[in-house]
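Structural description and commentary
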Amino acid sequence: DAFGTAHRAHASTEGVTKYLSPSVGGFLLAKELEYLDGAVTGGEKPMAAIVGGSKVSSKITVLEALLDKCDKVIIGGGMVFTFLKAKGLEVGTSLVEEDFIDTAKAVIAKAEKLDKELILPVDIIVADKFDAEAETQV
């Protein structure tokens with residue numbers, strides 16, 4: 001019943017919907033969405049949004065909507081690597097949604113067309129393995 005977990009396929013948010021008809025979002029989710037819409041629609045300009053997460057596929061609708069309303073969109077989390085690969089950069093074995101590289105390219109193109117700033121990290125720590133003792137470099 002909260003915005004931060006509603007996108008996850010957990011028993012309390014997705015599983016229960018198979019046994020209820022109709023199934024709807026709760027009061028807290030409605031309140032959070034109303035607040036978010038008000039902040040984005042009526043917010044002061046210039047406006048920036050920060051979007052993170054591991055997958056472009058679960059954020060694409062949000063990214064496209066934010067580009068329409070915000071002057072800057074900052075992308076973080078694992079989905080950064082799909083965008084970096086879409087820009088032609090090497091990402092090694094980092095998480096990339098190969099099926100969404102063209103989608104990332106389209107988001108980048110939309111930002112350019114709308115004269116919006118799409119901000120990706122410029123410094124990333126690279127490691128030789130996923131381990132606390134890994135050799136790293138920036």
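See above for the structure.
Below you will find a few notes about this structure. Everything quoted here is computed from the prediction, not taken from an experiment.

1. Quick look at the sheet that holds strand 3 (residues 117-119)
The sheet built from three strands is open, its strands ordered 1-2-3 with parallel pairing. The outermost strands of the open sheet, each flanked by one partner alone, are strand 1 (48-51) and strand 3. Here the average twist between neighbouring strands, direction ignored, is 15 degrees. Pairing of strand 1 with strand 2 (residues 72-75) involves four bridges; the strand directions are parallel. Pairing of Ala 49 across the sheet is with Val 73, part of strand 2. Packing of helix 3 (residues 60-69) onto the sheet brings it into contact with strand 1, strand 2 and strand 3, and relative to strand 2 it is tilted by some 150 degrees.

2. Digging into helix 5 (residues 101-113)
Taking 1.5 Å per residue, 13 residues should reach 18 Å; helix 5 reaches 18 Å between its end C-alpha atoms and fits that length. Where helix 5 is buried, its residues touch helix 3, helix 4 (80-86) and strand 3. Remark: Asp 115 follows helix 5 within two positions and exhibits a positive phi of approximately 60 degrees.

3. A closer look at a nonpolar patch on the surface
A cluster of nonpolar residues, Phe 3, Leu 33 and Leu 36, forms a patch on the protein surface that exposes about 250 Å² of accessible area. Along the chain, Leu 36 turns up in helix 2 (residues 27-42).

4. Considerations on the pairing of strand 2
Here strand 2 shows one buried face, formed by Val 73 and Ile 75, and one open face, formed by Lys 72 and Ile 74. You can see the chain leave strand 1, run along helix 3 and come back into strand 2, and the turn it takes is right-handed. One ladder, built from three bridges, connects strand 2 with strand 3; its direction is parallel. Residue Lys 72 lies in a different strand from strand 3, and its bridge partner there is Glu 117.

Reading the values: rules and limits
Residues numbered from 1 in each chain as written. Predicted model: local features only at pLDDT ≥ 70, side-chain atom pairs only at ≥ 80, totals over all residues. Heavy atoms only, no water. Pairing = 2+ DSSP bridges. Helix = DSSP H or I, 4+ residues; strand = E, 2+ residues; numbered from the N terminus. Axes fitted to C-alpha atoms, helices over the stretch in contact; angles between N-to-C directions. Contact = heavy atoms within 4.5 Å. Expected span 1.5 Å × (residues − 1). Patch = residues over 30% accessible without salt bridge, like charges linked within 9 Å, V, L, I, M, F, W, Y side chains within 5 Å. Areas by Shrake-Rupley, 256 points an atom, 1.4 Å probe, with all protein chains shown as cover. Salt bridge = Lys/Arg side-chain N within 4 Å of Asp/Glu carboxyl O. Buried < 20%, exposed > 50% of the residue type's maximum accessible area, 1.4 Å probe, protein only. Right-handed = clockwise from strand over helix to strand, strands pointing away.

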